Amino acid sequence: MTRLSYFFRRGGKEAGTLLLAVCIYCFVLYATDNTVYYFYTTMACALVPMACGLDAQTDAEFKKYETGDDAF
């Protein structure tokens, strides 16, 4: 629940919804097969929501530094 609220706050609606879909997918997958210890499934479930809003976040950071609003 904490991870889901973090992604909704930090990544936006799209990243949060994607993480919710991945969590539902994993719940169904874990209920039918013991994939908790499968490395690639766990890695994909972590990377997909993180990469979802990466472009928008990097663009926002570049704009912040171009305008001189950095926090140094």
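Given the structure is predicted, the values throughout are model-derived calculations rather than measurements. (Residues numbered from 1 in each chain as written. Predicted model: local features only at pLDDT ≥ 70, side-chain atom pairs only at ≥ 80, totals over all residues. Heavy atoms only, no water.)

Q: I tried to follow the packing of helix α1 (residues 2–10) against helix α2 (residues 13–32) on my own but got confused; where do I start?
A: In helix packing, the relevant descriptors are the interaxial angle and the interaxial distance, both defined with respect to the helix axes. Close contact between α1 and α2 brings their axes to 6 Å; oriented N to C, the two are set at 155 degrees. Between α1 and α2, the angle is such that the two are roughly antiparallel. The segment α1 lies against α2, with Arg-3, Leu-4, Phe-7 and Phe-8 engaging Lys-13, Ala-15, Gly-16, Thr-17, Leu-19 and Leu-20. For the contact of α1 with α2, the residue count by class is 6 nonpolar, 2 polar and 2 charged. (Axes fitted to C-alpha atoms, helices over the stretch in contact; angles between N-to-C directions. Helix = DSSP H or I, 4+ residues; strand = E, 2+ residues; numbered from the N terminus. Parallel < 35°, antiparallel > 145°, perpendicular 65-115°, else oblique. Contact = heavy atoms within 4.5 Å. Nonpolar A, V, L, I, M, F, W, Y, C, P; charged D, E, K, R; others polar.)

Q: For this particular structure, what's the right way to read α2?
A: Under the 1.5 Å per step criterion, the end-to-end length of α2 is 29 Å for 20 residues, consistent within 8% with the ideal 28 Å. Where α2 is concerned, the buried positions are Ala-15, Gly-16, Leu-19, Val-22, Cys-26 and Leu-29. Buried residues of α2, seen end-on, are gathered within an arc of 145 degrees and therefore sit on one face of the element. The exposed residues of α2 that point more than 90 degrees off its buried face are Lys-13, Glu-14, Ile-24, Tyr-25, Phe-27, Ala-31 and Thr-32. In this fold, the buried residues of α2 make contact with α1 and α3 (39–52). (Expected span 1.5 Å × (residues − 1). Buried < 20%, exposed > 50% of the residue type's maximum accessible area, 1.4 Å probe, protein only. Arc of directions from axis to C-beta.)

Q: Please explain a nonpolar patch on the surface as it appears in this structure.
A: A cluster of nonpolar side chains, contributed by Phe-39, Tyr-40, Met-43, Leu-47 and Met-50, occupies part of the molecular surface with about 580 Å² of accessible area. Counting through the fold element by element, Met-43 comes out in helix α3. Since its relative accessible area comes to 34%, Met-43 is described here as partly exposed. (Patch = residues over 30% accessible without salt bridge, like charges linked within 9 Å, V, L, I, M, F, W, Y side chains within 5 Å. Areas by Shrake-Rupley, 256 points an atom, 1.4 Å probe, with all protein chains shown as cover. Salt bridge = Lys/Arg side-chain N within 4 Å of Asp/Glu carboxyl O.)

Q: Sorry, what's going on with the pattern of salt bridges here?
A: Side-chain pairs of opposite charge can arise where the charged atoms are in close proximity. Enumeration over the complete set of coordinates arrives at 1 salt bridge. With a closest N to O distance of 3.5 Å, Lys-64 and Glu-61 form a salt bridge. With Lys-64 and Glu-61 both in helix α4 (residues 54–67) and 3 residues apart, the pair spans about one turn of that helix. Residue class for Lys-64 comes out partly exposed when judged on its relative accessible area of 29%.

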